[in-house]
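Residues per chain, in single letters:
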Amino acid sequence: MQLLSKLGVDPSKIVQLFTVKLIRNFKISQLEGFQEPEKLTINSNIVIDSTLGDFCPKLKTIVVRTNSTEFNLAGLENLEVLNLNTGKKVFPILGECKSLRTLTAYASDETEEHAENSSELLPGLPNIESLVIHRFSFPKITGETFSQNQKLILTGNGIEEISQDAFVHLKVLKILYLHANKIMTLSNSCLPESIVNLQVSNNLISHFEITKKLPNLSELNLMSNKLTDSFAFESLTEHYPALEYLGLRNNEMETLSFGNLKLLRILTLNENKIKTVKVENFVEGKEQVVIDLKENPIICDCDLKPFLRILQDTNTKISLMWEVPCNNYKEQSLMDINLEDIKC
């Protein structure tokens, strides 16, 4: 305060307040005199000797960039955004912040941020629209954890199991990120019909069950999993009629079979084990479809010929993202190999 006075700054006019690493002995009570700060950024470990709401009742945003600061959120009735480097000690009191809409929490030490399930880690959450929880440790997502979320990012948390009622009640959920966990099997029956973007890359998924129609799903990312030929590709267009992007890079597929592509625009299949592509009752979609087949051991033989004819047809709406060589014709690619050279 004395420093601000020397600089001729009226603290009552400041609407963004920062504490920096140089202020190691800063105390919350020293905020007295700042009338309406709207943002507080904490870069160092500070002494919370009073409730923030006593001195900053109109705070809308708090950013905590240290992992050992603890504080009381009582009285912060206008708080909308809270970013934390830690969270387990703060999560139980979040219910006091009725206006909170965005919560981002990154665990700096996973061993201290362990819970048996999502409900134990995040008790009594208010109706948060956007929730990001990263590098905590909870193996199971239960159905009573979340309420009115539109965006959920639950990455790198060691999640292994998702209950059938985990998300289905979230009628406004549009974006769900579950990548970099340990999920082995996933059923779309746990998802609400409102979902638009589903990211579950970098897991251990070998079985992706498609039983429910998701009419709004336009982006599905299943990259870097353990999916094989059992993946129900043909069920996608029936259950996901709005699907435009499908990411299947770095799985364990050997044979690809597809027919109706409908609205699909981008299909990534690179870094699999695909040797052949089968097309049955092929129906082109309305838009140009780009397929990435790079880094697959594709064999140009009679089984592949129907697909090659479609690719090489100048009127087709299917194209390759990259040039892909035939594994048994090293000097030729799928696009330029002479079909008459393939004897059947």
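In this text, all values refer to a predicted model and were calculated from it rather than measured experimentally.

J.: Explain the pairing of strand E19 (residues 289-292) here, please?
T.: The side chains of a regular strand alternate, residue by residue, between the two faces of the sheet. Of the strand pairs in this sheet, strand E17 (residues 266-268) and E19 are connected by 3 bridges, and their pairing is parallel. Counterpart to leucine 267 in the pairing with E19 is isoleucine 291. The sheet contact formed by E19 and strand E20 (residues 318-320) spans 3 bridges and is parallel. Of the residues in E20, the one forming a bridge with isoleucine 291 is leucine 320. Regarding the hand of the β-α-β motif, the stretch spanning E19, helix H5 (residues 305-312) and E20 is right-handed.

J.: Looking at this model, I keep getting lost on the packing of aromatic side chains. Mind explaining?
T.: For any two aromatic rings, the description comes down to two numbers: the centre-to-centre distance and the angle of the planes. Applying the stated criterion across every chain, the model contains 2 aromatic pairs. Taking the centre distance of 6.4 Å and the plane angle of 35 degrees together, the rings of phenylalanine 208 and phenylalanine 231 count as tilted. With phenylalanine 208 in strand E13 (residues 207-209) and phenylalanine 231 in the loop between strand E14 (219-221) and helix H4 (233-239), this residue pair connects regions lying 23 residues apart in the sequence. For the pair phenylalanine 208 and phenylalanine 231, a shared accessibility class is recorded, and that class is buried. Here the guanidinium or amino end of lysine 294 rests over the ring plane of tryptophan 322, the centre of that ring lying 4.6 Å away.

J.: For this particular structure, what's the right way to read empty space enclosed by the protein?
T.: Leftover empty space is mapped by rolling, across the atoms, a probe with the size of a water molecule. Within the structure shown, the criterion is met by 2 cavities of 30 Å³ or more. Its boundaries defined by the atoms lining it, the second largest cavity holds a volume of some 30 Å³. Of the residues contributing to the lining of the second largest cavity, the split by class is 5 nonpolar, 3 polar and no charged.

J.: What's the story with the state of the cysteines in this structure? I'm lost.
T.: In protein structure, a disulfide is the covalent linkage between the sulfur atoms of two cysteines. Within this structure, the stated rule accounts for 2 disulfides. Here cysteine 300 connects covalently by a disulfide to cysteine 326, the sulfurs 1.9 Å from one another. Its S-S torsion of approximately -70 degrees makes the covalent link between cysteine 300 and cysteine 326 left-handed. Residue cysteine 300 is found in the loop between E19 and H5, and its partner cysteine 326 is found in strand E21 (residues 325-326); the two are separated by 26 residues along the sequence. In terms of burial, cysteine 300 and cysteine 326 fall into one category: buried. The side chain of cysteine 302 participates in a disulfide bridge whose partner is cysteine 344; the two sulfur atoms lie 2.0 Å from each other.

About the thresholds
- Residues numbered from 1 in each chain as written.
- Predicted model: local features only at pLDDT ≥ 70, side-chain atom pairs only at ≥ 80, totals over all residues.
- Heavy atoms only, no water.
- Pairing = 2+ DSSP bridges.
- Helix = DSSP H or I, 4+ residues; strand = E, 2+ residues; numbered from the N terminus.
- Right-handed = clockwise from strand over helix to strand, strands pointing away.
- Phe/Tyr/Trp six-rings, centres within 6.5 Å; stacked < 30°, edge-to-face > 60°.
- Buried < 20%, exposed > 50% of the residue type's maximum accessible area, 1.4 Å probe, protein only.
- Lys NZ or Arg CZ within 6 Å of the ring centre and 35° of its normal.
- 1 Å grid on protein atoms, 1.4 Å probe; cavity = no way out; pocket = protein on both sides within 12 Å on 5 of 7 lines; lining within 4 Å.
- Points joined across faces, edges and corners; volume = space filled by probe spheres on them.
- Nonpolar A, V, L, I, M, F, W, Y, C, P; charged D, E, K, R; others polar.
- Disulfide = S-S within 2.5 Å.

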